[in-house]
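# Examination of the molecular architecture
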Amino acid sequence: MLPKWDKIYSVHNGKIDNQHKKLFELAAKVEHVFDKPVHRDEIKALLTDFFNYMKYHFDDEEKYMQFIRYPDFERHRQIHKEIIQSMIKIIQNIKTTNDLKEKLYIMVKKWLLEHILYEDMKVEQWRLGSLSSENGADITFEEIKDNEDEAVIYFYACECIGQIHDVPSGIHKKIQNEGAKFKCKKCKFPLEFFKKGY
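Residues numbered from 1 in each chain as written. Predicted model: local features only at pLDDT ≥ 70, side-chain atom pairs only at ≥ 80, totals over all residues. Heavy atoms only, no water.

### A closer look at the overall build of the chain
Counting its regular elements, the chain contains five helices and five strands. Starting at the N terminus and walking to the C terminus, you meet the elements of the chain as α-α-α-α-β-β-β-α-β-β. Its C-alpha atoms give the chain principal-axis dimensions of roughly 60 × 30 × 25 Å. Out of the 198 residues belonging to the chain, those deemed buried represent 46%. Restricting the contact set of the chain to residue pairs at least 6 apart, pairs at least 24 apart contribute 72%. Carbon and sulfur atoms make up 52% of the accessible area of the chain, which totals about 10,800 Å². Here the chain holds 33 positive side-chain charges and 33 negative ones, and the gap between their average locations is 3 Å. (Helix = DSSP H or I, 4+ residues; strand = E, 2+ residues; numbered from the N terminus. Buried < 20%, exposed > 50% of the residue type's maximum accessible area, 1.4 Å probe, protein only. Contact = heavy atoms within 4.5 Å. Areas by Shrake-Rupley, 256 points an atom, 1.4 Å probe, with all protein chains shown as cover. Lys, Arg positive; Asp, Glu negative; His and termini not counted. Charge placed at Lys NZ, Arg CZ, Asp CG, Glu CD.)

### Brief notes about the nonpolar core
Leu23, Phe50, Met54, Leu104 and Val108 are the most contacted members of the largest nonpolar core, which totals 30 residues. Counting residues per element, the ones that place at least two in this core are helix 1 (14-34), helix 2 (40-67), helix 3 (73-92) and helix 4 (97-129). Once you skip the residues sitting within four places of it in the chain, Leu104 turns out to touch Val30, Ile43, Leu46 and Leu47. Ranked by size, the runner-up nonpolar core spans 15 residues in total, among them Leu131, Phe182, Cys184 and Cys187. (Core = buried A, V, L, I, M, F, W, Y, C linked by side-chain atoms within 4.5 Å.)

### Looking at helix 3
Taking 1.5 Å per residue, 20 residues should reach 28 Å; helix 3 reaches 29 Å between its end C-alpha atoms and fits that length. Turning to helix 3, its buried residues are Phe73, His76, Ile79, His80, Ile83, Ile84, Met87 and Ile90. Axial view of helix 3: buried residues confined to an arc of 130°, hence all on one face. The outward face of helix 3, more than 90 degrees from its buried face, is lined by the exposed residues Lys89 and Gln92. Where helix 3 is buried, its residues contact helix 2 and helix 4. (Expected span 1.5 Å × (residues − 1). Arc of directions from axis to C-beta.)

### Topic: the sheet that holds strand 3 (residues 164-167)
In spatial order, the strands read 3-2-5; together these three strands make up an open sheet with antiparallel pairing. Two strands in the sheet have a free side with no partner beyond their single neighbour: strand 3 and strand 5 (192-197). Geometrically, the sheet is characterised by an average inter-axis angle of 35° between neighbouring strands, direction not taken into account. Where strand 2 (residues 153-157) meets strand 3, four bridges bridge the pair, whose relative direction is antiparallel. Across the sheet, residue Ala157 finds its bridge partner in strand 3, namely Ile164. (Pairing = 2+ DSSP bridges. Axes fitted to C-alpha atoms, helices over the stretch in contact; angles between N-to-C directions.)

### Focus: helix 4
If you check helix 4, its first and last C-alpha atoms are 46 Å apart, about what 33 residues at 1.5 Å a residue would give, namely 48 Å. Maximum bend of helix 4: about 45°, positioned at His115. (Bend = angle between axes of the 7 residues up to and from the residue.)

Right under this line is the structure:
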């Protein structure tokens, strides 16, 4: 069985999380039709939806990684390209409806969900690893009490040239409502609100 969306897969960015949830929903549809008799056109429509949404999501995710200056961006983008190329090959080499269902299921399970659960979590770990609390302690997931449906992104600046920090809504609320201080681990300066995005 394919995993279902769970808070443990959150990257604490409402927009990206909502897109990941949609991809999990599409994966569940693939799993649903995997062992049932369905018409080839229904499978092709599902594959097309999946392919188009994945391209849209990868584009947004790459813009986000560039904006926060994720250091492993090029490798991550290359993985996205490989996933898209593999999907194109699958589409071009379909022989039967069962072949299509099997390949689509493998693609969803291996490439997409493993990518979210492994590669995208690396971005989240790096992002949190660039922040510290006022006393220099690392930020933990327990501190981040996000409204999980919130698709707002909060950007903060520090003294590092060109560095922007995407701060989870839970930390943004602590800064704004409670006067909490969070610092960039690199320059050690407190974060200052830069702008709100979607």
